[in-house]
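Coordinate inspection notes
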Amino acid sequence: MAQRSALLNVMTAAATKAARGLVRDFGEIENLQVSKKGPADFVTTADKKAEEVLVAGLTKARPRFGFLLEEGGKIEGADTSNRWIIDPLDGTTNFLHGIPHFSISIALERDGEPVAGVIYEPITDQMFWAEKGQGAYLNGRRIRVSARRRLEESLFATGIPFAGKQDHDRFLSQLKAVMAVSAGVRRFGSAALDLAYVAAGRYEGFWEIGLHPWDIAAGIVLVREAGGFVTDIGGGGMMESGEILAANDSLHGPLLKILAGRSA
Ligand code: IPD
Ligand code: CA
Ligand code: CA
């Protein structure tokens with residue numbers, strides 16, 4: 001069993017605690033689907049409650065660290081080097097529709113660089129965790145990106161932009177290009193889990209445009225520590241542009257060209 005550092009213990013404990021509430025609330029969703037109003041407000045409350053549990057747990061353990069929260073925004077800490085970047089519920093649309101594929105994502109950013117990440121999938125009890133220089137793990141097992149090198153044997157994941165998001169046409173041309181050369185493209189609905197699954201070698205790569213730092217910060221550490229490559233797509237930095245491509249070392253370069261509209 002891999003030994004987690006004190007820092008990772010703090011992160012996984014917070015995720016485990018917040019997940020209990022999410023799982024309880026997820027159990028209620030089915031009943032709410034049939035109501036006229038639907039479960040939207042209920043989910044917003046579940047999301048906020050999970051964030052509060054995470055903030056309370058992490059503040060207790062590291063009182064000086066700041067936060068970047070999806071729901072609560074920025075909270076300055078006395079320690080200006082370290083801040084937590086948190087998505088308390090990644091995969092909200094799935095959660096809202098009673099689809100059991102969602103996660104909690106917690107990253108520690110130190111001096112602008114994500115250095116530790118935890119992504120927890122409560123329904124399947126899969127805890128993905130990684131710390132800079134220490135490798136990436138799923139529960140107690142070391143994980144690595146896949147070794148597939150041939151595009152035609154490779155499976156990719158992405159996120160499809162929806163109403164209110166930009167770049168629909170750009171996405172469609174990227175999808176068309178990847179479809180033409182790969183074994184398939186999946187859209188599961190949690191960017192954090194997509195990155196964790198690349199780290200675990202389940203698919204060879206993942207790309208998405210229009211994301212936020214809390215969707216990707218923890219996953220960046222996981223993919224890097226699992227031996228993969230993770231960059232932005234068009235230049236400008238992943239955290240700033242919200243565009244990300246994560247893949248194993250053999251396929252990252254070819255995929256980057258394909259997404260940019262050049263042949264691999
Ligand atoms: C969303 C998920 C989804 C991605 C969206 C994100 P949320 O996050 O990560 O997979 O396609 O772009 O906004 O809203 O469920 O936290
Ligand atoms: Ca998210
Ligand atoms: Ca969210």
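Our subject is the structure that appears above.
Rules behind the numbers
- Residues numbered from 1 in each chain as written.
- Chains lettered and ligands numbered in written order.
- Predicted model: local features only at pLDDT ≥ 70, side-chain atom pairs only at ≥ 80, totals over all residues.
- Heavy atoms only, no water.
- Near = heavy atom within 4 Å.
- Polar contact = N/O pair within 3.5 Å; in protein donor to acceptor, adjacent residues only side chain to side chain.
- Areas by Shrake-Rupley, 256 points an atom, 1.4 Å probe, with all protein chains shown as cover.
- 1 Å grid on protein atoms, 1.4 Å probe; cavity = no way out; pocket = protein on both sides within 12 Å on 5 of 7 lines; lining within 4 Å.
- Sits in = over half its atoms within 2 Å of the grid points.
- Donors = N, O, S within 2.8 Å, 3.2 Å for Na, K, Ca; no water.
- Helix = DSSP H or I, 4+ residues; strand = E, 2+ residues; numbered from the N terminus.
- Buried < 20%, exposed > 50% of the residue type's maximum accessible area, 1.4 Å probe, protein only.
- Salt bridge = Lys/Arg side-chain N within 4 Å of Asp/Glu carboxyl O.
- Patch = residues over 30% accessible without salt bridge, like charges linked within 9 Å, V, L, I, M, F, W, Y side chains within 5 Å.
- Lys, Arg positive; Asp, Glu negative; His and termini not counted.
- Charge placed at Lys NZ, Arg CZ, Asp CG, Glu CD.
- Pairing = 2+ DSSP bridges.
- Axes fitted to C-alpha atoms, helices over the stretch in contact; angles between N-to-C directions.
- Contact = heavy atoms within 4.5 Å.

This brings us to the site of ligand 1. Taken together, 14 residues form the shell around ligand 1, and within it Asp90, Gly91, Thr92, Lys165 and Glu208 come nearest. Here Asp90 contributes a side-chain N or O atom positioned 2.7 Å from an oxygen atom of ligand 1. Note that an oxygen atom of ligand 1 is positioned 2.8 Å from one of the backbone N or O atoms of Thr92. Coverage of ligand 1 by the protein amounts to 88% of the 380 Å² it exposes when considered alone. For ligand 1, the cavity whose grid points lie within 2 Å of the majority of its atoms is the largest pocket.

What follows deals with the coordination of the calcium ion (ligand 3). Around the calcium ion (ligand 3), the protein contributes the donor atoms Glu70 (OE), Asp87 (OD), Asp87 (OD) and Leu89 (O), at 2.1 to 3.2 Å from the metal centre. We note that the donor set of the calcium ion (ligand 3) lies within a single chain, spaced as E-x16-D-x1-L. Here the calcium ion (ligand 3) and the calcium ion (ligand 2) are spaced 3.8 Å apart, and both take Asp87 as a donor. Separated by 19 residues along the polypeptide, Glu70 in the loop between β1 (65-69) and β2 (73-75) and Leu89 in strand β3 (residues 79-90) bring together distant segments of the chain. The exposure class of Leu89 is buried, given its relative accessible area of 1%.

To continue, consider the coordination of the calcium ion (ligand 2). On the protein side, the calcium ion (ligand 2) has Asp87 (OD), Asp90 (OD) and Asp215 (OD) as donor atoms, found 2.1 to 2.2 Å from it. Linear spacing of the donor residues for the calcium ion (ligand 2) on their chain is D-x2-D-x124-D.

Further remarks concern the pattern of salt bridges. Per the counting criterion, the structure on display carries eight salt bridges. The residue Glu109 makes a salt bridge to Arg83 at a minimum N-O spacing of 2.7 Å. Note that Glu109 is positioned in strand β4 (residues 103-110) and Arg83 in strand β3, a separation of 26 residues in sequence. For Glu109, a relative accessible area of 10% translates into the label buried. The salt bridge involving Glu113 is made with Lys132; its shortest N-O contact spans 3.2 Å. Here Glu113, found in strand β5 (residues 113-121), pairs with Lys132, found in the loop between β6 (126-131) and β7 (135-138); they are 19 residues apart in sequence, far enough to count as distant. Look at Glu113 and you get partly exposed, because its relative accessible area is 30%. Its relative accessible area of 46% is what places Lys132 among the partly exposed residues. Connected via shared salt-bridge partners are Arg150, Glu152 and Glu153.

Here we take up a positive patch on the surface. On the surface, Lys17, Arg20, Arg24 and Lys60 cluster together to form a positively charged patch. Per element, the largest residue contribution to the positive patch is three residues, and it comes from helix α1 (residues 6-33). When you line up the elements, Lys60 lands in helix α2 (residues 40-61).

Read across the sheet, five strands follow the order β10-β9-β11-β13-β12 without closing on themselves; strand pairing throughout is mixed. Single-partner strands in this sheet number two, and they are β10 (184-186) and β12 (229-231). Averaged over all adjacent pairs, the angle separating strand axes in this sheet is 15°, with direction ignored. Direction of pairing for strand β11 (residues 205-208) relative to strand β13 (residues 244-247): antiparallel, over a ladder of four bridges. Each residue of the ladder has a partner; that of Trp207, found in β13, is Leu245. Sheet strands in contact with helix α4 (residues 168-181) are β9 (155-158), β10 and β11, and its direction is about 165° off that of β11. Where helix α6 (residues 213-225) meets the sheet, it contacts β12 and β13, and its direction lies at approximately 145° from that of β12.

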